[in-house]
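Coordinate analysis (summary)
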Amino acid sequence: MLSIVDNPRRTAVLQRVLPSGSYVGLARRLVERSALLYARAWVVLLSGVFEPLFYVLAFKIGFGALVPAVTGPGGLRLEYAAYVAPALLVASAMNGAVSETMSMFYKLRFDGLYDSVLATPLGTYDVAIGELSWTVLRSGLYAVAFFAVMAVLGLVTTPWALLLVPVALVVSMAFAAVGMVCATLLRSSAQFEYIHLLVVPMFLFSGTFYSIDVYPLPLRWVAELSPLYHGVELARGFSTGVLGTAMLGHAAYLVALTAVGLYGTSKRIGRLLLN
Amino acid sequence: MRSDEAIISGTGLVKRFADFEAVRGIDFQVRRGEAFGFLGPNGAGKSSTMRMVSCMSPRSGGELRVLGMDPDRKGPAIRARIGVVPQQDNLDLELTVRQNLQVYGRYFGLTRKEVRAKAVELMEFARLTDRADHDVQPLSGGMKRRLTIARALVNDPEVLLLDEPTTGLDPQARHLLWEKLFQLKQRGVTLIITTHYMDEAEQLCDRLVVMDGGKIVAEGSPAELITRYATREVLELRFPPGDQHAAVDKVRDLAERVEVLPDRLLLYTEDGDAATTRAHDRGVRPISTLVRRSSLEDVFLRLTGRTLVD
Ligand SMILES: Nc1ncnc2c1ncn2[C@@H]1O[C@H](COP(=O)(O)OP(=O)(O)OP(=O)(O)O)[C@@H](O)[C@H]1O
Ligand SMILES: [Mg+2]
């Protein structure tokens, strides 16, 4: 994943397209800092692995017993746990990305971390890409754990399901990018509530637990704006092995959000710190 | 490269925040290897200038060259070769002393091996070796300041920018820092220092500019400025606040210049003791008298009509 910052050729390309001085290709060094911190707090990392386990267990053993088989992509009949697990996998990527990027608020407003970083050769895109990469890396770890749990519970039935992990990375990337912009816009930690106000309905209403086909049309359009919806569609498609060209659109939407989010984050950091 | 070349130069340099002009067209040159000071009261525009030089704040007008490059276009290349000590410490409070230095070195693209060695050397320099693997948070203010300065040296900078390096430190810690800065200067590092302590400026700076309200009001070496704008000695006559006005007329002709402060009169004269005797003869009875050498404080008072440190 870190290849976005690791690859010299890509660095050169990015340097040409991004504003002068805003990217020097040292984003990885900021990832190292985060890794160093978590090396001291690896228990925190581990706890993130248990969360999905509880979720899947709850649906497999408890909830799944109440709900008969449901209709998945392409009219496929499948047990409810198999229907909901891929969605939970990407939802957990979303949650991880949002909570990780919210910590940027403190680093930006109180700790002066980015002030000190921007006094080195690193530019605003290095900061944005560095923080994004760490978030994605961390989500990747959780996605692998989640996938392993699914496999153990017999919820992995096709080799396509292996692509759940990259899907989680893309979802995490999009949410991290947008989450970072939000974090730079917050003025106090009380405003974290606004973020919850966005994330919770997104979690519940993005086709995570049921298809958004049940909504009347205008509401469906709203649901389709949700990045999580696109992540869920991708995940469920790969998890069941039912692929379609629409998946390209879902992926494009998430990638586009990432680009916009990175651009916004870099701009905001510049506006706040390099004034 | 000649040693008297300008390593940094500003011409008509302006910094605007919305419609407020913090730096109002200043000209200055810093030569390689010298210690250059920006002296001025709160809000003079010292930090704003430093931030422009360290490529962390785009200029609003005028010209600026740092190491021969334009900060607007070569920010990262310039920052790679300078060290920045901001007015407010911004150490990484989540890391240890050693990690602060190592991680910061990594931001400059140094290898792991290089930063390991560098951290050891700099902890020695900052006298923090015994705290190497402690958290930064509980360090004293002076230790944090030393670490911030050490951190700014991690890339072996050619220019070190220090924004009020000793504000908030006790006298002992200040002297220790001065000594460290002196060592750096000996090694050929160009120092740029802002301060509102005139003794610091006199101690450290080869040359300095006095800033006030976003403008440079004087420039020269500390000694030059004192000769130009003050007399050799100053006689301070201290009165109960308010009573000083009555004595002004009696002493006016005893000195080249008399400054009236809220609690005292300053008589600028070549011979302080003689003036003391004559004032006494004329029946002037202050609470206390003091004869001292002129300082940059007096230069500042002369130039702006205000004291530097309130
Ligand atoms: N980011 C900013 N936005 C708006 N105004 C600013 C900003 N930074 C500085 N100023 C204003 O510019 C003026 C000069 O500030 P500056 O920090 O450069 O002064 P200074 O000489 O460093 O003062 P001090 O000795 O207090 O540190 C002040 O009036 C300050 O309020
Ligand atoms: Mg300042």
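Reading the values: rules and limits
- Residues numbered from 1 in each chain as written.
- Chains lettered and ligands numbered in written order.
- Predicted model: local features only at pLDDT ≥ 70, side-chain atom pairs only at ≥ 80, totals over all residues.
- Heavy atoms only, no water.
- Helix = DSSP H or I, 4+ residues; strand = E, 2+ residues; numbered from the N terminus.
- Rg over C-alpha atoms; globule rule 2.2 N^0.38 Å.
- Buried < 20%, exposed > 50% of the residue type's maximum accessible area, 1.4 Å probe, protein only.
- Contact = heavy atoms within 4.5 Å.
- Expected span 1.5 Å × (residues − 1).
- Donors = N, O, S within 2.8 Å, 3.2 Å for Na, K, Ca; no water.
- Pairing = 2+ DSSP bridges.
- Axes fitted to C-alpha atoms, helices over the stretch in contact; angles between N-to-C directions.

Turning our eyes to something else, we now look at the overall build of chain A. Counting its regular elements, chain A contains twelve helices and two strands. Walking chain A from its N terminus toward its C terminus, one meets helices and strands in the order α-α-α-α-β-β-α-α-α-α-α-α-α-α. Taken against the 2.2 N^0.38 rule, which gives 19 Å for 275 residues, the C-alpha radius of gyration of chain A at 19 Å falls within 12% of a compact globule. Summarising its shape, the C-alpha atoms of chain A cover approximately 60 × 40 × 40 Å along the three principal directions. The proportion of buried residues among the 275 residues of chain A is 52%. Considering only intrachain contacts with a sequence separation of at least 6, the fraction spanning at least 24 residues in chain A is 74%.

This next bit is on helix α11 (residues 227-240) of chain A. Over its 14 residues, α11(A) runs 20 Å from end to end, which matches the ideal 20 Å to within 8%, given 1.5 Å per residue. Among the 14 residues of α11(A), 13 are classified as buried, and the element is accordingly described as predominantly covered.

In this section: the coordination of the magnesium ion (ligand 2). The magnesium ion (ligand 2) binds to the protein through S47(B) (OG) and Q87(B) (OE1), with metal-donor distances spanning 1.9 to 2.1 Å. In this pair, S47(B) sits in helix α1 (residues 46-53) while Q87(B) sits in the loop between β5 (82-85) and α3 (97-107), placing the two residues 40 residues apart along the sequence.

Let's shift gears to the environment of G130(A). All names here are of chain A. Secondary-structure assignment places G130 in helix α7 (residues 124-152). Using a relative accessible area of 0% as the deciding quantity, one classes G130 as buried. Those residues within four positions of G130 in sequence are excluded, and the remaining contacts are A27, L30, V31 and Y125.

A few words on the sheet that holds strand β10 (residues 233-238) of chain B. Residues and elements named next belong to chain B. As summarised here, the arrangement of the four strands in space is β11-β12-β10-β13, forming an open sheet in which the pairing is antiparallel. Strand pairing shows two members of the sheet lacking a second neighbour, β11 (257-260) and β13 (288-293), which therefore form its edges. The average undirected angle you get between the axes of adjacent strands in this sheet is 20°. Pairing analysis gives six bridges linking β10 to strand β12 (residues 264-269), with the strands arranged antiparallel. Its bridge partner being in β12, E233 is matched across the sheet by T269. The strands that helix α10 (residues 272-281) touches are β10, β12 and β13; relative to β10, the one it contacts most, it runs at about 35°.

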